[in-house]
Amino acid sequence: MTQHQRLLIIDFGSQVTQLIARRLRELNVYCEIHPFNKVDDAFLAAFAPKAVILSGGPASVFAEGAPMPPAGVFTLGVPVLGICYGQQVMMHLLGGKVERGHGTAEFGRAFVTPAGAPLALLEGWFGAGREQVWMSHGDHVSRLAPGFEVFGTSPNAPFAITADEARRFYAVQFHPEVHHTPKGAKLYENFVRLAGFTGDWTMGAYRADAIAKIRAQVGDAKVICGLSGGVDSSVAAVLIHEAIGDQLTCVFVDHGLLRQGEAEQVVAMFRDHYNMPLIHADETELFLSALDGMSDPEQKRKTIGRLFIDVFQKHAHAVGGAKFLAQGTLYPDVIESVSFSGGPSVTIKSHHNVGGLPEKMGLKLVEPLRELFKDEVRALGRELGLPASFIGRHPFPGPGLAIRCPGEITREKLEILRKADAVFIDQIRRHGLYDEIWQAFVAILPVRTVGVMGDGRTYDFACALRAVTSVDGMTADYYPFSHEFLGETATRIINEVAGINRVTYDITSKPPGTIEWE
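Read on for an overview of the structure. Model, not experiment: these values are computed from the prediction.

Analysis parameters
- Residues numbered from 1 in each chain as written.
- Predicted model: local features only at pLDDT ≥ 70, side-chain atom pairs only at ≥ 80, totals over all residues.
- Heavy atoms only, no water.
- Helix = DSSP H or I, 4+ residues; strand = E, 2+ residues; numbered from the N terminus.
- Rg over C-alpha atoms; globule rule 2.2 N^0.38 Å.
- Buried < 20%, exposed > 50% of the residue type's maximum accessible area, 1.4 Å probe, protein only.
- Contact = heavy atoms within 4.5 Å.
- Areas by Shrake-Rupley, 256 points an atom, 1.4 Å probe, with all protein chains shown as cover.
- Pairing = 2+ DSSP bridges.
- Right-handed = clockwise from strand over helix to strand, strands pointing away.
- Salt bridge = Lys/Arg side-chain N within 4 Å of Asp/Glu carboxyl O.

**Quick word on the overall build of the chain**
Consideration 1: Along the backbone of the chain there are 15 helices and 20 strands.
Consideration 2: Over its C-alpha atoms the chain spans a radius of gyration of 26 Å, differing by no more than 12% from the 24 Å that the globule rule assigns to 518 residues.
Consideration 3: Each principal axis of the C-alpha distribution contributes one length, and for the chain these read about 80 × 60 × 40 Å.
Consideration 4: Of all 518 residues assigned to the chain, the portion counted as buried reaches 56%.
Consideration 5: Residue pairs at least 24 apart in sequence account for 76% of intrachain contacts in the chain once pairs closer than 6 positions are excluded.
Consideration 6: Summed over all atoms, the accessible surface of the chain reaches about 21700 Å², with 52% contributed by carbon and sulfur.

**Description of unusual backbone geometry**
Consideration 1: The residue Asn-28 is not glycine, and still its phi comes out positive at about 60°.
Consideration 2: Along the polypeptide, Asn-28 turns up in the loop between α1 (17–26) and β2 (30–35).
Consideration 3: Positive phi values are uncommon outside glycine, yet Arg-168 reaches one of about 60°.
Consideration 4: Along the polypeptide, Arg-168 turns up in the loop between β10 (157–164) and β11 (169–172).
Consideration 5: A residue is classified by how much of its surface remains accessible, and Arg-168, at 29% relative accessible area, is partly exposed.

**As for the pairing of strand β12 (residues 222–226)**
Sheet faces and side chains relate simply in a regular strand, where the side chains alternate between the two faces.
Consideration 1: Burial runs high along β12: 4 of the 5 residues are buried.
Consideration 2: As judged from the 4 bridges shared by β12 and strand β15 (residues 322–326), these two strands associate in the parallel manner. Bridge pairing links Lys-222 to Ala-322 in β15.
Consideration 3: Relative to strand β13 (residues 248–254), β12 runs parallel, the two being bridged by 4 bridges. By the bridge assignment, Cys-225 is partnered in β13 with Cys-250.
Consideration 4: Following the backbone out of β12, through helix α6 (residues 231–244) and into the adjacent parallel β13, one traces a crossover that is right-handed.

**Some points on the environment of Val-73**
Consideration 1: Tracing the chain through its elements places Val-73 in the loop between β3 (51–54) and β4 (80–83).
Consideration 2: C-alpha of Val-73 to C-alpha of Asp-40: the two residues are 33 residues apart in sequence and 8.9 Å apart in space.
Consideration 3: Residues within four places of Val-73 in sequence aside, it is in contact with Ile-10, Leu-44, Val-52 and Val-80.

**Let's talk about the pattern of salt bridges**
Consideration 1: On inspection of all chains with the given rule, the structure shows 24 salt bridges.
Consideration 2: Salt-bridge contacts for Arg-167 lead to Asp-164; the nearest nitrogen and oxygen are separated by 2.7 Å.
Consideration 3: Residue class for Asp-164 comes out buried when judged on its relative accessible area of 6%.
Consideration 4: For Glu-242, the salt bridge identified is with Arg-207, shortest N-O distance 2.9 Å. On the criterion of sequence distance, the pair formed by Glu-242 in helix α6 and Arg-207 in helix α5 (residues 203–218) is long-range, its members being 35 residues apart.
Consideration 5: Residue classification places Glu-242 among the partly exposed positions, given a relative accessible area of 32%.
Consideration 6: Judged by its relative accessible area of 21%, Arg-207 is partly exposed.

Below is the structure:
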């Protein structure tokens with residue numbers, strides 16, 4: 001198995017630390033994020049990073065118990081880049097001075113101008129005399145540590161870009177990882193080049209490594225995989241099947257809350273196209289009977305989760321002798337399971353409601369995607385030859401249409417919702433917009449409204465269209481459809497879907513809203 005060149009990101013609690021890793025992965029550089037209090041000199045020696053990045057964070061270096069990196073970071077002999085709080089930590093520990101705000105805080109867009117001699121870190125970075133960046137700091141560096149020089153300034157950050165070139169220590173007060181620093185990726189590209197990274201992190205290499213790891217972990221044992229039909233579990237299933245063949249059996253639980261034609265598509269692709277052992281557990285009656293008339297969103301989720309576990313366990317026994325459970329856990333799930341303060345995060349994603357199954361069933365986990373971000377999973381899917389139409393599918397929640405049906409769940413409402421959703425998605429595809437949108441769906445509202453169709457009065461359901469743009473689902477904004485598109489779509493839904501006579505469009509961003517309605 002290949003030992004990739006590795007970069008270590010020490011996290012001090014910034015809300016955008018994950019973006020640093022994403023930028024580096026886009027440069028084919030393997031990196032890992034670890035909270036500051038989990039990184040000591042022994043960890044550094046074992047991890048053996050080729051470079052280190054110190055993230056931003058909400059703390060002040062003056063605060064009691066302020067997060068700090070181990071002193072060994074600065075004696076490794078590798079390049080170090082400090083970002084925002086990371087810059088302040090570097091100055092604080094290496095002999096510089098940091099001061100509290102006093103009118104020099106910067107939040108939002110700022111402009112940095114070059115200062116001093118040319119710096120390799122900034123090669124090709126500065127535009128016409130200045131460069132836009134995103135600042136978010138209260139404290140500021142007021143005196144550089146010995147050996148550092150200034151290479152960029154902003155109105156409220158006289159040491160916006162600093163470096164000790166001899167030791168290859170670099171520090172910036174702004175956040176190059178965010179979208180609002182347009183040329184931030186170039187700065188990271190320069191940093192990893194200076195560190196000697198060759199860009200050996202590719203999906204082809206990952207595929208080969210992952211297959212070798214799966215074979216070494218599983219041996220000749222049987223593996224079961226909870227297949228939801230989503231991108232993550234699908235890519236995991238295809239990868240594992242390539243590694244161990246018929247030792248893998250997938251269990252696809254059809255809870256009757258899927259989109260139109262979805263169960264048939266999933267079964268056909270995996271059973272027919274990949275010739276993969278697959279149990280299609282059609283448990284529609286069980287789930288819909290339990291959910292009939294249920295309106296509380298949390299009760300819906302808990303009921304679906306409980307039933308899914310029971311059904312999965314029942315069908316898994318049919319495999320006989322399985323010792324491993326495969327899940328599509330991703331790297332953001334791993335990161336979010338431990339906050340920068342070392343405690344569990346508020347929410348830890350459980351893939352398709354199978355959280356707790358390994359303990360209950362006595363199975364060990366196989367998680368071949370736990371080092372990947374969502375966009376990397378899609379890239380791996382392409383590497384494995386999954387159809388582009390499948391890899392590019394919008395996310396779909398484990399509870400399915402149940403959480404797109406506020407109020408009581410009934411079979412009638414689910415069927416109306418399924419048909420309306422199919423029309424909406426068809427419209428988006430017809431207009432060539434599907435790949436521009438992160439997620440799109442219809443929610444059926446728990447109200448009936450008066451309408452007129454022909455010469456008659458109607459009293460039918462209203463529905464809401466929802467379409468958002470996003471990078472990772474953590475934040476989102478509504479998609480700016482034209483009025484012509486919305487009008488055309490509303491007309492189609494009302495004409496083609498019996499039971500709906502009013503269509504609305506949800507223009508709420510996240511936050512304050514969520515993407516799903518429940």
